[in-house]
Amino acid sequence: MSAPSSRVSAPRGRAAATGWRRAGAVAVGALASAVMGCAVGPNFVRPAAPAVTHYANGTDPVRTPSAQGTSQQLNVGEQVAADWWHVFNSSQLDGLIKAALINNPGLLAAQASLQQSENSLRAGYGIFYPSLSADAAATRERYSPLRAGSDAPPAIFNLFTLSASVSYALDVFGGQRRTVEALGAAVDVQRADEEGVYLTLVANIVNTVVAEAAYRAEIDATQELIGLQREQVRLAQVQVTAGTAAYSTVLSLQSQLATYEATIPQLEQKLSQSDDLLASLSGHVPAEWTPPQVRLSDLTLPADLPVSLPSDLVRQRPDILAAEAVAHAASANIGVATAALLPSIDLSGNYSANGMATQTLFAKSGRSWSAGGDISAPLFSGGTLWFSRKAAINGYDQAMASYRATVLSAFAQVADTLRAL
């Protein structure tokens, strides 16, 4: 009975040993995953929006004052359309903005900066992969055995070498992950900046076109007043000749006429400056660009104006989003600085084939390899690493304060704009 018992117990023992090894492997893998999943430093949390339901003190206006029988409705909570300038129903304005979005150098520069930051982020992701390299070399050498303590005669030979190496940095404490996180936040900054340049460009074009139309209307109205004033001067001169009016009346009317006439060059100068501004916004020099002749009658005043909720404003305004991304990058930099205080582990391996002739390059005697790991830890740096982390924390505090200042300024701007309507 002993033999069958031993045949049965042996497989069970191997199974039990295999089970323990598997359990150990799973435990080690779980521990490694837990360690690799940790990243030192704070995890950034988006700041909450201010707990307010309106912008101005008291209540926000719901309609604009009536002008020439027209009043605009303010729709709180309505989303602003991406192509909001179409509400003016002006094909000239639409064409001007379309051309500017293609040619404006400021917008092109912002787009290039965004693409640069995106490519820097893609480059940063490379740290998560092994680094592979290959090398080929051919040398002719004269070797002196005296360097090894031998009195043998020197030898001259050729040496051909093919080698490959691999290295991998174990991001145990997440310093590299925090670095990539900061690069991602830099992308968010550039994206918000690009959006800000875009919105500013469109708004400047619309404002300039409306201003030009107003200047033209003011010039036309002033010229009409000049015509009427000249007629009054002529009639007053007739009355003076007839003895029914004093000459001082003529002088007074002529002075008022001169005032009207003096405003025309000023308005024309403003109109010319607006034309030059539109040319530069469109990516042209004034000499090669003809401005559109837009008049107020060509523009339709929108009846409804969307107003974002305060809780949505902090997720929409580019300046707020940029400040938030800067704070995110500053938070990630704390993790980078903290990881620099802790040990780092690198794995590496190398394989090479050597031969004195190309036909013997892959002979067994010429093969060599190495594999190993390296762990290093900072012991003393004169406080450099410690205070670098302190500086990163200060940078985060500064970024959060700047974020709050940006939010406050944005809410004040919206409140001022609503009160000014």
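Up top you'll find the structure we're talking about.
Let us look at the structure shown here. (Residues numbered from 1 in each chain as written. Predicted model: local features only at pLDDT ≥ 70, side-chain atom pairs only at ≥ 80, totals over all residues. Heavy atoms only, no water.)

**Some remarks on the pattern of salt bridges**
The final tally for this structure, using the stated rule, is eleven salt bridges. Residue Arg 46 pairs with Glu 324 through a salt bridge whose shortest N-O separation is 2.6 Å. Residue Arg 46 is located in the loop between α1 (2-37) and β1 (73-76), and its partner Glu 324 is located in helix α7 (residues 318-339); the two are separated by 278 residues in the primary sequence. According to the relative accessible area criterion, Glu 324 is buried, its value standing at 9%. A salt bridge links Arg 191 to Glu 118; the shortest N-O distance between them is 3.7 Å. Pair noted here: Arg 191 is in helix α4 (residues 175-242) and Glu 118 is in helix α3 (residues 105-124), with a separation of 73 residues, a long-range link. Residue classification places Arg 191 among the partly exposed positions, given a relative accessible area of 39%. (Salt bridge = Lys/Arg side-chain N within 4 Å of Asp/Glu carboxyl O. Helix = DSSP H or I, 4+ residues; strand = E, 2+ residues; numbered from the N terminus. Buried < 20%, exposed > 50% of the residue type's maximum accessible area, 1.4 Å probe, protein only.)

**Quick notes on the nonpolar core**
With 19 residues, the main nonpolar core has Trp 85, Leu 93, Ile 97, Ile 205, Val 206 and Val 209 as its most contacted residues. Mapped onto this core, the elements with two or more residues apiece are α2 (91-103), α4 and α5 (247-281). Considering each element in turn, this core owes the most residues, six residues, to α4. Counting 16 residues, the second-largest nonpolar core is a separate cluster that includes Ile 320, Tyr 403, Phe 411 and Val 414. (Core = buried A, V, L, I, M, F, W, Y, C linked by side-chain atoms within 4.5 Å.)

**Structural notes on a nonpolar patch on the surface**
Together, Tyr 125, Phe 128 and Tyr 129 line one region of the surface with nonpolar side chains, adding up to about 330 Å² of accessible area. Looking at the secondary structure, you find Tyr 125 in the loop between α3 and β2 (131-143). Tyr 125 sits in the partly exposed class, given a relative accessible area of 41%. (Patch = residues over 30% accessible without salt bridge, like charges linked within 9 Å, V, L, I, M, F, W, Y side chains within 5 Å. Areas by Shrake-Rupley, 256 points an atom, 1.4 Å probe, with all protein chains shown as cover.)

**Observations regarding the packing of α3 against α4**
One way to put it is that α3 packs onto α4 with a least axis distance of 9 Å and a crossing angle of 165°. Taken together, the axes of α3 and α4 lie roughly antiparallel to each other. The handedness of the crossing between α3 and α4 is left-handed. In this structure, α3 uses Gly 106, Leu 107, Ala 110, Gln 111, Ser 113, Leu 114, Ser 117, Glu 118, Ser 120, Leu 121 and Gly 124 to contact α4, whose residues at the interface are Val 180, Leu 183, Gly 184, Ala 186, Val 187, Gln 190, Arg 191, Glu 194, Val 197, Tyr 198 and Leu 201. Here the residues of the contact of α3 with α4 are counted per class, giving eleven nonpolar, eight polar and three charged. (Axes fitted to C-alpha atoms, helices over the stretch in contact; angles between N-to-C directions. Parallel < 35°, antiparallel > 145°, perpendicular 65-115°, else oblique. Left-handed = near helix turned anticlockwise from the far one by under 90°. Contact = heavy atoms within 4.5 Å. Nonpolar A, V, L, I, M, F, W, Y, C, P; charged D, E, K, R; others polar.)

**Concerning α3**
The end-to-end C-alpha separation of α3 is 28 Å, in line with the 28 Å expected for 20 residues at 1.5 Å each. Along α3, the residues classified as buried are Leu 107, Ala 110, Leu 114, Ser 117, Leu 121 and Gly 124. Looking straight down α3, one finds that the buried residues subtend no more than 105° of arc, so they occupy a single side. In this structure, α3 carries Gln 116, Arg 122 and Ala 123 as exposed residues pointing more than 90 degrees from its buried face. In this structure, the buried residues of α3 make contact with α2 and α4. Regarding α3, its N-cap is Asn 104, as a side-chain oxygen of that residue lies 3.1 Å from the backbone nitrogen of Gly 106 further along. (Expected span 1.5 Å × (residues − 1). Arc of directions from axis to C-beta. Polar contact = N/O pair within 3.5 Å; in protein donor to acceptor, adjacent residues only side chain to side chain.)

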